[in-house]
Structures are given as C-alpha cells and as structure tokens.
Amino acid sequence: MAILPLVILPDQRLRLVSEPVGSVTAEIRRLADDMLETMYDAPGIGLAAIQIGVAKRLITVDTSKEENVRRPQVFIDPVITWASEETRGYDEGCLSIPDYYAEVTRPDRVRVRFRDLDGAEREIEADGLLATCIQHEIDHLDGVLFVDHISKLKRDRVMKKFAKAAKRDAA
Ligand code: ZN
C-alpha cells in the first residue's frame, strides 16, 4: 500500500468526468488499497480516485465514529438509484480543498448501486453522514465539488483564495 499525493484545487483534473472501472482487476484492488491508506493518513472520511489523479469511478468511505475502529467501504461504479425528498445540511470539507468548510444541503437518505471488490453487484441504503459522504464522493466522479453547491459569492471567494495560493507556491 502507498500514501499518494492529493490533487488540490485549482487543479483542473478535479473537473474531469471519470471513466467506468469495468472489471475489478488486481490493479483496481491495489488502487482501492492505496486510496484507503491515503484517506486514513489525511485523515478523511471519503476519497474519490480523481483526488489522487486517477479518473476512474471508484470511491472509498469510512464514516465509523468509533475510535480506532476502521470500517472501510469501497464503491466501484456507484450510481444513486433513489434519493429521499427530505434533506439535511451538513458542514462539509474536502481533502482537495484543505481547511475550508461550508454547509451543503443534500438528500438525507440515498440508495446506491455499486460493485464491491469481488466484482459483485450490490445496493445499500444510506442515511446521515454516510449518505452525505457518498453523495459528495460521487459528485467528484462527475467533476463536481461541494463548493459548487454553495452560493456563487462564497464559491468565487474560495476559488480565488486557492488560485492565489497555487500561484504563490509556483513562484
Ligand atoms: Zn471531496
């Protein structure tokens, strides 16, 4: 396993639409392992493959709240098949947008169809933090960031801040 460097805003790779994974090969399982390792190291509760520069539809999630208990979940080619009408707001952050948080309102419950690391098709219903996290990560697969869900004023401000920081680092 390896901890990989994270893709950070304003890197345009974050705007790519990721490709379907297709068959679950040893290479995909290694990618999932690396993503989990990178996510735990950050630390974060969710990661999409594009955040380590791989444009494939694969996400890792662990929203376990117990201390020292890891419950890694890997979703391959995930699709939201149903979303509740009830919504909830959650203060979201993103490993690609470090140290920035803003409230995003999303459906409170979702059903998601995906394949697991054995290639088996599965469907689960998620609520609360897990539902928020899955929706945030699936957005990444379509080049969408959580700041796209906040006001334009706030988004412009955070985009400008990260563009400036990148310029400063390059100088
Ligand atoms: Zn994110």
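Structure shown above.
Here is a short report on the structure shown in this document. This one's a predicted model, so the numbers in the text were calculated from it and none came from an experiment. (Residues numbered from 1 in each chain as written. Predicted model: local features only at pLDDT ≥ 70, side-chain atom pairs only at ≥ 80, totals over all residues. Heavy atoms only, no water.)

### As for the pattern of salt bridges
Opposite charge on two side chains makes pairing possible when the charged atoms of those side chains draw close.
Phase 1: Throughout the structure, instances matching the rule amount to 14 salt bridges.
Phase 2: Here Asp11 makes a salt bridge to Arg13, at a shortest N to O gap of 2.8 Å.
Phase 3: Residue Asp11 is classed as partly exposed on the basis of its relative accessible area of 25%.
Phase 4: As a salt-bridge pair, Arg88 and Asp108 come within 3.8 Å of each other at their nearest N and O atoms. Of the two residues, Arg88 sits in strand β4 (residues 87–94) while Asp108 sits in the loop between β5 (97–107) and β6 (109–115), which places them 20 residues apart along the sequence.
Phase 5: By relative accessible area, Asp108 is classed as partly exposed at 21%. (Salt bridge = Lys/Arg side-chain N within 4 Å of Asp/Glu carboxyl O. Buried < 20%, exposed > 50% of the residue type's maximum accessible area, 1.4 Å probe, protein only. Helix = DSSP H or I, 4+ residues; strand = E, 2+ residues; numbered from the N terminus.)

### Remarks on the pairing of strand β3 (residues 73–83)
Phase 1: Two strands pair when backbone bridges link them, and strand β2 (residues 58–61) and β3 are joined in this way by four bridges, in the antiparallel orientation. Following the sheet pairing, Leu58 is matched in β3 by Ile76.
Phase 2: Judged from the five bridges that link them, β3 and β6 form a sheet pairing that is antiparallel. Paired with Trp82 across the bridge in β6 is Arg111. (Pairing = 2+ DSSP bridges.)

### Focus on the side chain of Arg57
Phase 1: Within the element layout of this structure, Arg57 appears in the loop between β1 (46–48) and β2.
Phase 2: For Arg57, the side chain forms a polar contact with the side chain of Asp142, separated by 3.0 Å.
Phase 3: Leaving out residues up to four positions away in the same chain, Arg57 has contacts with Val17, Ser18, Glu19, Pro20, Val21, Phe75, Ile76, Asp77, Pro78, Leu141 and Asp142. (Polar contact = N/O pair within 3.5 Å; in protein donor to acceptor, adjacent residues only side chain to side chain. Contact = heavy atoms within 4.5 Å.)

### A look at the pairing of β2
Phase 1: Side-chain alternation along β2 places Leu58 and Thr60 on one buried face and Ile59 and Val61 on a second face that is also buried.
Phase 2: Of the strand pairs in this sheet, β1 and β2 are connected by three bridges, and their pairing is antiparallel. Paired with Ala48 across the bridge in β2 is Ile59.

### Notes on the coordination of the zinc ion
Phase 1: Taken together, the protein ligands of the zinc ion are Cys94 (SG), His136 (NE2) and His140 (NE2), with distances of 2.1 to 2.3 Å.
Phase 2: Every donor residue of the zinc ion comes from the same chain, spaced as C-x41-H-x3-H. One end of the pair, Cys94, is in strand β4; the other, His136, is in helix α2 (residues 128–141), and 42 residues separate them in sequence.
Phase 3: On the basis of relative accessible area, Cys94 is assigned to the buried category, the value being 11%.
Phase 4: For His136, a relative accessible area of 6% translates into the label buried. (Donors = N, O, S within 2.8 Å, 3.2 Å for Na, K, Ca; no water.)

### A short note on the sheet that holds β3
Phase 1: Across the sheet, which stays open at both edges, the five strands sit in the order β1-β2-β3-β6-β7 with antiparallel pairing between neighbours. For this open sheet the edge positions go to β1 and β7 (121–127), each flanked by a neighbour on one side alone. Put simply, the sheet's adjacent strands are angled 40 degrees from each other on average, direction ignored. (Axes fitted to C-alpha atoms, helices over the stretch in contact; angles between N-to-C directions.)

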